[in-house]
Structures are given as C-alpha cells and as structure tokens.
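Fold and geometry: a report
Here is what each chain is made of, one letter per residue.
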Amino acid sequence: MKSLSIKGLHGSAKALFAASLFSRDQKNYVYILNNLENAGYFYHDLNQILGNKSVLFFPSAYKRAAKYGQVDPANEILRTEVLARLQKTEQPYIIVTYPDALAEKVVSQSTLAQNTLPIKVNEEIGSEKVSKLLDSYKFEYVDYVYEPGQYATRGSILDVFSYSSE
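Residues numbered from 1 in each chain as written. Predicted model: local features only at pLDDT ≥ 70, side-chain atom pairs only at ≥ 80, totals over all residues. Heavy atoms only, no water.

1. Regarding the sheet that holds strand 1 (residues 29-32)
Taken in spatial order, the three strands of this open sheet run 1-3-2, and their pairing is parallel. Sheet topology places strand 1 and strand 2 (55-57) at the edges, where each strand pairs with a single neighbour. Going across the sheet, the axis of each strand differs from the next one's by a mean of 20 degrees, ignoring polarity. Here strand 2 runs beside strand 3 (residues 94-97); their pairing, made up of three bridges, is parallel. Paired with L56 across the bridge in strand 3 is I95. On top of the sheet, helix 1 (residues 13-24) reaches strand 1 and strand 3; it is set at about 165 degrees to strand 1, its chief contact. Strands in contact with helix 3 (residues 73-88) are strand 2 and strand 3; relative to strand 2, the strand with the most contacts, it is inclined by about 140 degrees. (Pairing = 2+ DSSP bridges. Helix = DSSP H or I, 4+ residues; strand = E, 2+ residues; numbered from the N terminus. Axes fitted to C-alpha atoms, helices over the stretch in contact; angles between N-to-C directions. Contact = heavy atoms within 4.5 Å.)

Below you can see the structure in the form of structure tokens.
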C-alpha cells in the first residue's frame, strides 16, 4: 500500500487529479478528506467526472448536530454498500471518506459473508424460510417497511429493506 500526499491543488483540480490517477492505474483508492462537507464535495466532483459506478462514499453511520448519536439509515446503507461491493467484486473503486466515518467499527468480511443471503434471478425461495432467516438476522417485522433492518409481508409479497441497498 502506497501513500501519496499532493499539495497546491484547489477546487475541482483535486478530483481531476484523482480521476486521472484512477484512469491511469485501475486499483482501489481511498481518499480521506478533513470532514463530511469536504468529502461530499470531492465525492460529487468525482461522480461528475467518472460516473457513479466507480466512486463510493463511506460516511459516518450517525446523525450529527441536533440528533447526535442516532443512526442515520441512509448513511448506514451507504456504508454497507461499500463493504458489500468490495467483498463481491474485483472491480476497482475510489472510496471517499473522512475521519469520523473511519473511527466507527465495521463488520468483518467473514461476518458479512455469513449474514448475506444471495438470491439469483428466477431462483425460488420460500417466504417462510426467508422470514425465519431475517428474524435470525434481527430484522424487525413491521406492517410497512421504511428503514433498513425491517421486513413486511403482504400476501405473497415479501418486502425487505436491506442494509446494503435501497
């Protein structure tokens, strides 16, 4: 693992440099910005240059300011999506983050793999089996799904709000 420090770049020049480095040498890069705001701008610039398939944002899972300490479901999804993508593909990514996000614990690769239910197109799985599995994963059974970690059944439809995607 190499570490590179570049000075003197301003505005979107940072993202242009990162994009050209990524285009030249296709491997994973992690950019750690000073705070959420700087990371957000950098991430947005990279997305405009490279498209959203190669750039991932790894935020803190918690809300800040008035609701400090409460989990933010949208950020929890983004964090899990980054971990899931890194686990299941050899495709290189640029990951943008900041110190607060890196200070939080993440699930290990083996634990994530053990607690993932891969389902393929046209594969048939009984909803009762999936419900039992979701219960064992500590998903909450609700009437209407609105945040990660919940599931509902309506007739033959099983509605699951995953931690790894919307």
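Structure's up, so let's keep going.
2. Topic: the packing of helix 1 against helix 2 (residues 36-50)
The interhelical angle for the contact between helix 1 and helix 2, taken along N-to-C directions, is 50 degrees, at an axis separation of 9 Å. As judged from the angle between their axes, helix 1 and helix 2 are oblique. Here helix 1 and helix 2 pass one another in a crossing that is right-handed. Touching K14, A15, L16, A18, A19, F22 and S23 of helix 1 are F42, D45, L46, I49 and L50, all from helix 2. Split by residue class, the contact of helix 1 with helix 2 holds nine nonpolar, one polar and two charged. (Parallel < 35°, antiparallel > 145°, perpendicular 65-115°, else oblique. Left-handed = near helix turned anticlockwise from the far one by under 90°. Nonpolar A, V, L, I, M, F, W, Y, C, P; charged D, E, K, R; others polar.)

3. Brief notes about a nonpolar patch on the surface
On the surface, L4, I6 and F17 cluster together into a nonpolar patch covering about 270 Å² of accessible area. Within the secondary structure, I6 sits in the segment before helix 1. Owing to a relative accessible area of 41%, I6 belongs among the partly exposed residues under this scheme. (Patch = residues over 30% accessible without salt bridge, like charges linked within 9 Å, V, L, I, M, F, W, Y side chains within 5 Å. Areas by Shrake-Rupley, 256 points an atom, 1.4 Å probe, with all protein chains shown as cover. Salt bridge = Lys/Arg side-chain N within 4 Å of Asp/Glu carboxyl O. Buried < 20%, exposed > 50% of the residue type's maximum accessible area, 1.4 Å probe, protein only.)

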